[in-house]
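# Examination of the molecular architecture
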Amino acid sequence: MMQLFTKLARRKKEEIKDEKIFLASQWQLMWWKFKRHKLAMVSMCILAFLYIIVLFCEFIAPYDPWERFEDYKNAPPQLVRFYSKEEGFRGPFVYGMKQEMDMETFRKVFVEDESKKYAVRLFVRGSKYKLWGLFESDLHLFGSKDGPVFLFGTDELGRDLFSRVIYGARISLTIGLVGVFLSFILGTLLGGISGYFGGTIDEVIQRTIDFLVSIPTIPLWMALSAAIPQDWSVIRTYFAITIILSLVGWGGLARVVRGRLLSLREEDFILAARLTGASEWRIITRHMLPSFASHLIASITLSIPGMILGETSLSFIGLGLRPPAISWGVLLQDAQQVIAVAHYPWRLIPAFFIIVTVLSFNFLGDGLRDAADPYSR
Amino acid sequence: MAGYVIRRFLSLIPLLFILSIVVFIIIELPPGDFLTVYIEQLKSSGVLISEEEIARLVKQYALDKPLHIRYITWIKNIILHGDFGRSFRWNRPVVELIKERVALSAVISLFSIVFVWIIGVSIGIYSAVKQYSMFDYIFTFIGFIGVSIPGFLLALLIIWFAYTKFDIYISGLFSQQFVDAPWSLAKVLDMLKRIWVPVIIIAVSGIAGNIRTMRANLLDELRKQYVTVARAKGLSETRLLIKYPIRIAVNPMISTIGWTLPAIFSGESLASIILNLPTIGPLLMQALLAQDMYLAGSLILIMGALTLVGTLISDILLAWADPRIRYGNTGGK
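Residues numbered from 1 in each chain as written. Chains lettered and ligands numbered in written order. Predicted model: local features only at pLDDT ≥ 70, side-chain atom pairs only at ≥ 80, totals over all residues. Heavy atoms only, no water.

Let us now look at the overall build of chain B. Per the secondary structure count, chain B includes 18 helices and 2 strands. In chain B, which comprises 333 residues, the share counted as buried stands at 45%. Residue pairs at least 24 apart in sequence account for 72% of intrachain contacts in chain B once pairs closer than 6 positions are excluded. Counting only carbon and sulfur atoms, one obtains 68% of the accessible surface of chain B, whose full area is about 17,500 Å². (Helix = DSSP H or I, 4+ residues; strand = E, 2+ residues; numbered from the N terminus. Buried < 20%, exposed > 50% of the residue type's maximum accessible area, 1.4 Å probe, protein only. Contact = heavy atoms within 4.5 Å. Areas by Shrake-Rupley, 256 points an atom, 1.4 Å probe, with all protein chains shown as cover.)

In structure tokens:
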């Protein structure tokens, strides 16, 4: 008897679940499916975190990224500690640093000076900045009043690498988004025109794409960015690079859009909509667009990492952004010499951020692509 | 089949034409023409250039003429005389510079392409057949990492790791004593000893890509009914795999095989720069940094042309390997 009840209850539950599936909108179905892709969820959180940093980078970075600490050139990262030998537990702090001569290599190296303890506090007042160019403030997420704190060490000129990585995120992470946005507009527009009108226009656009795809990407990027005048301002170079990146990238998107439009035109539900007298505009916006928007979003997400890597590689070899601009690629320029990296391994920290970002975008895109088709499997 | 090949050949001509125009625009893009840059350079290094020499160069490259004439002169020199212009940074003809490096580029790329194909495809097949096994998870993970880390970063990390942990400095293709030595058996042996590291570094992302595509394609095929039918009829598992699903799964990769042609020519550009390899890639980068546009333009022109030819070869290969394409059915559902 009891068994029968549980069985019935279970069936009831399943029915409710089924009903929910029948009633759910496509986006809801996608969300449910997406949630099952654990890696994609984690990646989404990581990326959200990174973009929050981008939004508030002036606040999160403890120092101005161009500020030079003359006494701390090539200083190693400091460890934030909670326990000290004498006092046991105390609030977070770092040891100060002093320079010593390494008797074996005769290089000056920094060692921890355990007599000096700098307490690390949240919400410390420091250098002045203007958040989003609007709000003037000098409040920073963390810092120390007693002495400098370098979480990732400093570079050759004594600039705080942590602040520079945070500021670099702003350029490196947005360049992909802006570039993808540009190629998205170009791609959907031209792909849409190509798929909708067909005929000669279609042929011309398709051949153009064939041609664009056939040119090797990296040399083309290199060639175009070599033409950017050296004396352009940071902002202008930034936009020039984004445009270069998206010029090459729109072709793939246009193909996706066109292919989808062509196959959707033949679908039964479009025919049904047409038969019930829906206008062309309504068919496109209400029926066609939602059914391939998900695929678009997935392929867009998957093309972002390529752009981020494009900017990074270009800047790394000196053809992209140049100092004083700060991007992860620019920061990695300091790591070109292996000998230097061997002495100052913290110069590779930006590489870690690049890899995490690119991996996250790839996982996220994979998850979205699987979720984009909620009825599969 | 013959008609198809001829049609594809003819479509190559306009594409090559457009390519040459794009490259010409790239050459002309940097502000100021290269001759002024060249003269500046000579002056700063203390060499005086005679008026006649300048006049001769102006005439040879038609620098006093309007744009379209310049283009025609440039392309005519290339097609008729094989003259790609002069590199002003090296003060030598472009052709010579390319000849010097093309053989090594080809050797490195060929090695890595063989790696990419043999390792990538076989691991891909293994992963698909033994889906969700431990090795499948490991290889999938490696695949993801390999695709996500760009070649130059991987090169950097490996060099750094080898240097700090094993005290080995990976750089260049030759030991110190062989760098400027003429070719000899000893030099070749020395190169063969050192070539593996760059080859593997360059091959990693390609291997990763191939594992991923091969695995995904083969999995799609293995789910199809004809596989079940073949199995039901008692075909042995290996025979069944090789005879049908692998042949189909490898198709999308054949369509990109043409892209290896420019890769053979240039070598992986960015990784080569880090690894300090004497290939075409670093040459292109140096040319671009110094705005040595004839050299850079020629390199891009050759790479582009090779890509176009490569795509053509892939298409023909694909048509040969897949009867569905050969008979004009372009995948219509």
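Moving on, we get to the side chain of Asn 362 of chain A. Relative to the elements of secondary structure, Asn 362 of chain A occurs in helix α13 (residues 349-371). Relative accessible area serves as the criterion here: at 10%, Asn 362 of chain A is assigned to the buried category. Here Asn 362 of chain A is in contact with Leu 302 and Pro 305 of chain A together with Phe 144, Val 147 and Ser 148 of chain B, once residues within four sequence places are set aside.

Moving on, we come to the domain arrangement of chain A. Domains assigned within chain A are domain 1 (79-149) and domain 2 (161-370). Each of domain 1 of chain A and domain 2 of chain A has a C-alpha centre, and these two points are 39 Å apart. (Domains from an automatic or database assignment.)

What follows deals with the interface of chain A and chain B. Every contact between the two is made by 38 residues of chain A and, on the other side, 38 residues of chain B. For the pair chain A and chain B, the two sides together bury roughly 3,400 Å², of which 83% comes from carbon and sulfur. In this assembly, chain A and chain B are joined by 0 salt bridges. Counting residues per element, the ones that place at least two in the side of chain A that touches chain B are α6 (199-214), α7 (217-226), α10 (280-316), α12 (338-343) and α13 of chain A. If one sorts the elements of the side of chain A that touches chain B by residue count, α13 of chain A sits on top with 8 residues. When the residues that make up the side of chain A that touches chain B are grouped by side-chain class, the tally is 30 nonpolar, 6 polar and 2 charged. (Buried area = accessible area lost by both parts, 1.4 Å probe. Salt bridge = Lys/Arg side-chain N within 4 Å of Asp/Glu carboxyl O. Nonpolar A, V, L, I, M, F, W, Y, C, P; charged D, E, K, R; others polar.)

Side chains three or four residues apart in an α-helix point the same way, a direct result of the helix having 3.6 residues per turn. Most of α7 of chain A is tucked away: 8 of the 10 residues are buried. Of all the residues in α7 of chain A, the buried ones are Pro 219, Leu 220, Trp 221, Met 222, Ala 223, Leu 224, Ser 225 and Ala 226 of chain A. Looking at the buried positions of α7 of chain A, the neighbouring elements they touch are α8 (234-265) and α10 of chain A together with α1 (2-28), α16 (280-289) and α17 (293-321) of chain B.

Among the nonpolar cores identified, the biggest contains 156 residues, and Trp 74, Leu 153 and Leu 288 of chain B are the most heavily contacted of them. Setting aside residues no more than four positions away along its own chain, Trp 74 of chain B makes contact with Ser 20, Val 23, Phe 24, Ile 27, Tyr 294 and Leu 301 of chain B. (Core = buried A, V, L, I, M, F, W, Y, C linked by side-chain atoms within 4.5 Å.)

Here the focus is the UniProt feature "transmembrane region" (unreviewed entry) in chain A. Residue and element names in this part refer to chain A. UniProt tags residues 39-61, 171-197, 209-229, 235-257, 289-308 and 344-364 as "transmembrane region" (unreviewed entry). Secondary structure over residues 235-257 splits into 100% helix and 0% strand, and the C-alpha atoms at its two ends are 31 Å apart. In residues 289-308, the share of helix is 100% and the share of strand is 0%. The end C-alpha atoms are 27 Å apart. (UniProt positions renumbered as here; feature names shortened; annotations may be inferred.)

By way of backbone hydrogen bonds, the strands of a sheet pair with one another, either parallel or antiparallel. All names here are of chain A. If you trace the 3 strands from one edge of the open sheet to the other, you get β1-β2-β3, paired in antiparallel fashion. In the strand order of this sheet, the two ends are held by β1 (81-84) and β3 (108-119), each with one partner. Geometrically, the sheet is characterised by an average inter-axis angle of 60° between neighbouring strands, direction not taken into account. Relative to strand β2 (residues 88-101), β1 runs antiparallel, the two sharing 3 bridges. Along β2, the bridge assignment pairs Arg 81 with Phe 93. (Pairing = 2+ DSSP bridges. Axes fitted to C-alpha atoms, helices over the stretch in contact; angles between N-to-C directions.)

All names here are of chain A. Together, Leu 182, Leu 186, Val 234, Ile 235, Phe 239, Ile 243 and Leu 247 make up an exposed nonpolar region whose accessible area comes to about 560 Å². If you list the elements that add at least two residues to the nonpolar patch, you get α5 (161-197) and α8. No other element matches the 5 residues that α8 contributes to the nonpolar patch. Structurally, Leu 186 can be placed in helix α5. Residue Leu 186 is classed as partly exposed on the basis of its relative accessible area, which comes to 32%. (Patch = residues over 30% accessible without salt bridge, like charges linked within 9 Å, V, L, I, M, F, W, Y side chains within 5 Å.)

As enumerated under the stated definition, the model contains 9 salt bridges over all chains in all. A salt bridge links Lys 224 of chain B to Glu 221 of chain B, with the nearest nitrogen and oxygen atoms 3.1 Å apart. Three or more residues joined by partner-sharing salt bridges are found here, namely Asp 155, Arg 159 and Arg 164 of chain A.

Time to look at the pairing of strand β5 (residues 135-143) of chain A. All names here are of chain A. Relative to β5, strand β4 (residues 121-131) runs antiparallel, the two sharing 7 bridges. The residue of β5 that forms the bridge with Lys 130 is Glu 136. Where β4 hands over to β5, the hairpin turn is made up of 3 residues, of which Trp 132 adopts a positive phi near 50°.

The next thing to look at is the confidence of the model for chain B. Residue and element names in this part refer to chain B. Residues with a pLDDT of 70 or more make up 88% of chain B, whose mean pLDDT is 78. Mean pLDDT across the elements of chain B bottoms out in helix α18 (residues 323-326) (67) and peaks in helix α10 (residues 225-232) (87). Interface predicted TM-score (ipTM) for the complex: 0.72; the corresponding pTM is 0.78. (pLDDT = per-residue confidence, 0-100.)

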